[in-house]
Amino acid sequence: MVSFKATTLLILSIIQSLRCTKNEDTNYAAKDNFTRISTNESNHFSVMLNKSPLNEPKNGWITNEVDFVSRSGVLIEGDAVYAPTDDGISKINRNTGGTVWQLELCDYPEGNMIMQENTIFLSSEECFYAIDKKNGDVLWGKDITHPITATPVVVNDLVIISDESKGVYAFESNSGKLRWVFPIVDGSNRSIPLYQNGKLFVASAFGILYVLNPVDGKKITEFSVGDKEVNVPLIGIDNIIVLSNVDSEIFLYDENGAQLWEFKYPNPTRIYFKGAAYNGGKIILTGRTNTNEEITVCVSSDTRKLIWEHKSGKQSKISNPLIVNNSDVLIASSEGLYCLNIESGNVNWTKQITSSSGFIQNQSTPFISVTNREIIYTTFDNRLVKLIL
């Protein structure tokens, strides 16, 4: 147990280091913009488009004017695409793929971006920034001194972020003033926090789920969810939390920490889950197996049974799933962009884009962005791809 004195010293050291160095729907109506990677506060990763069925897209543009990175998703609004680069962020013309502005930061973004009105919040290695989306000016920045791989959460006038080593931080979104810090000794990895019913849920790297008051950062409760790394987004279903880990396991808990059920993928296969989505009683997860196969599974939240699975390659490169129109699941893998039937897992279509050397450019590990007009994502070979719907 961490002593009160040790915890106080930890909080003080974190605060002293913070200096700048460089009505919720289950489905999110994407329409013509995509300004939130998790699509809604419940992290369902489920969107509704104005067109159905989701037909195979046509080629749009591919740009490598700058080196884009495949560790973060992209945002789409108006005539702009905001994409992560190997040393910051770029604003790209949505129609042509040309660069509008480019901003150099501490390093490449690891966690996902989120847009709130005229501001983009993003991390860059150990730094956290608020960026003016119009001109790329840095409104404020903080050096947290520990790597950030999670996605920020905006709650009222606060933007909240967790790092890999020390804790959770809440900044005033307009000024960047530190409002509170909650220490997590073993840190929080890539799992996206969940804001639900006025509470903030944050998974530690190794099996503790913390429930915080987002207003003041005080702990409401905490409970163990196993001893394995939780590396996927937390998903909220009414008063239920869905989470999975790197050891083939899926759990449902209520907000008080009572485990409702557990599912484990059958041995001897072990799945390192990395992405999750939810719609209509179906939990969709992506990851890699212990034999490096890229796999997508669908598990019923009602019957606790595996409905289907789909394997798409053997390079351990697969994106977070995105559910479209209650009927389709989009994933990007080493063998292309797949559209799967959500009921059966059957392949509706596969889209492959190859370079002159034959390299498939659909190898994407971040989150796919979709609007009524297009699908946009970054690739492993540092390109930004637009496909037209």
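Residues numbered from 1 in each chain as written. Predicted model: local features only at pLDDT ≥ 70, side-chain atom pairs only at ≥ 80, totals over all residues. Heavy atoms only, no water.

(A) Molecular detail of the overall build of the protein. In terms of helices and strands, the protein carries 1 helix and 34 strands. Expressed as a percentage of its 389 residues, the buried residues of the protein come to 60%. Element-wise, carbon and sulfur atoms account for 44% of the exposed surface of the protein, whose accessible area totals about 15,100 Å². (Helix = DSSP H or I, 4+ residues; strand = E, 2+ residues; numbered from the N terminus. Buried < 20%, exposed > 50% of the residue type's maximum accessible area, 1.4 Å probe, protein only. Areas by Shrake-Rupley, 256 points an atom, 1.4 Å probe, with all protein chains shown as cover.)

(B) Broad picture of unusual backbone geometry. A cis amide bond links Ser 52 with the next residue in sequence, Pro 53, at an omega value of 5 degrees. If you trace the backbone, Pro 53 turns up in the loop between strand S2 (46-48) and strand S3 (58-63). In the segment running from Asn 267 into Pro 268, the intervening peptide bond is cis, with an omega of 5 degrees. Within the fold, Pro 268 resides in the loop between strand S23 (259-264) and strand S24 (271-279). A positive phi angle, close to 50 degrees, is found at Phe 45, a residue other than glycine. Structurally, Phe 45 is set in the loop between strand S1 (28-29) and S2. By relative accessible area, which is 1% here, Phe 45 ends up buried. The phi dihedral of Asn 292 is positive, around 65 degrees, even though this residue is not glycine. The residue Asn 292 is located in the loop between strand S25 (282-289) and strand S26 (294-300) in this model. A relative accessible area of 38% means that Asn 292 is categorised as partly exposed.

(C) Up close: the sheet that holds strand S10 (residues 127-132). Reading across from one edge, S8-S9-S10-S11 is the order of the 4 strands in this open sheet, with antiparallel pairing throughout. The outermost strands of the open sheet, each flanked by one partner alone, are strand S8 (114-116) and strand S11 (138-143). Along the sheet, successive strands turn relative to each other by an average axial angle of 20 degrees, direction set aside. Pairing of S8 with strand S9 (residues 119-124), which is carried by 3 bridges, proceeds in the antiparallel orientation. Note on S9: the bridge partner recorded for Gln 116 is Thr 119. (Pairing = 2+ DSSP bridges. Axes fitted to C-alpha atoms, helices over the stretch in contact; angles between N-to-C directions.)

(D) Local environment of the confidence of the model for the protein. When the pLDDT values of the protein are averaged, the result is 85; 88% of them are 70 or greater. Taken as a whole, residues 1-29 scores under 50 in pLDDT and shows 52 contacts with residues more than four places along the chain or in a different chain. (pLDDT = per-residue confidence, 0-100. Contact = heavy atoms within 4.5 Å.)

(E) Just the nonpolar core, in detail. Ranked by internal contacts, the top residues of the largest apolar core, which has 57 residues, are Ile 89, Ile 120, Leu 330, Ile 375 and Leu 384. Membership of the second largest hydrophobic core comes to 18 residues, among which are Ile 235, Phe 273, Val 297 and Val 299. (Core = buried A, V, L, I, M, F, W, Y, C linked by side-chain atoms within 4.5 Å.)

(F) Region of interest: empty space enclosed by the protein. Each pocket or cavity is described by its volume, and for the largest cavity that value is around 70 Å³. Lining of the largest cavity is provided by Arg 36, Ile 37, Ser 38, Glu 41, Asn 43, Ile 114, Thr 151, Pro 152, Val 153, Ile 192, Pro 193 and Tyr 195. Here the residues of the lining of the largest cavity are counted per class, giving 7 nonpolar, 3 polar and 2 charged. (1 Å grid on protein atoms, 1.4 Å probe; cavity = no way out; pocket = protein on both sides within 12 Å on 5 of 7 lines; lining within 4 Å. Points joined across faces, edges and corners; volume = space filled by probe spheres on them. Nonpolar A, V, L, I, M, F, W, Y, C, P; charged D, E, K, R; others polar.)

(G) Highlighting the sheet that holds strand S13 (residues 158-162). With antiparallel pairing, the 4 strands of this open sheet are ordered in space as S12-S13-S14-S15. Pairing within the sheet leaves two strands with one partner each, and these edge strands are strand S12 (153-155) and strand S15 (178-183). Between one strand axis and the next, the sheet turns by 20 degrees as a mean value, whatever way the strands run. Looking at chain direction, strand S14 (residues 167-172) and S15 are connected through 5 bridges and run antiparallel. Across the sheet, residue Val 168 finds its bridge partner in S15, namely Phe 182.

(H) View of the packing of aromatic side chains. According to the stated counting rule, one finds 11 aromatic pairs in the structure shown. Seen in terms of ring centroids, Phe 121 and Phe 128 are 6.4 Å apart; in terms of plane orientation they differ by 10 degrees. Their pairing is stacked. You can call Phe 128 buried: its relative accessible area is 0%. Residues Phe 182 and Tyr 210 carry aromatic rings whose centres are separated by 5.4 Å and whose planes lie at 65 degrees to one another, so their mutual orientation is edge-to-face. Note that Phe 182 is positioned in strand S15 and Tyr 210 in strand S18 (residues 208-212), a separation of 28 residues in sequence. In this structure Phe 182 comes out as buried when scored by relative accessible area, which is 11%. (Phe/Tyr/Trp six-rings, centres within 6.5 Å; stacked < 30°, edge-to-face > 60°.)

(I) Structural detail: the pairing of S23. As paired strands, strand S22 (residues 249-254) and S23 are joined by 5 bridges and run antiparallel to one another. Looking across to S23, one finds that Tyr 253 is bridged to Gln 259. Linking S22 to S23, which pair antiparallel, is a turn of 4 residues; within it Gly 257 sits at a positive phi near 100 degrees.

(J) Representation of the side chain of Ser 301 in the model. Relative to the elements of secondary structure, Ser 301 occurs in the loop between S26 and strand S27 (306-313). By relative accessible area, which is 12% here, Ser 301 ends up buried. Beyond its immediate stretch of four places on either side in the chain, Ser 301 contacts Leu 252, Trp 261, Tyr 278, Gly 281 and Ile 283.

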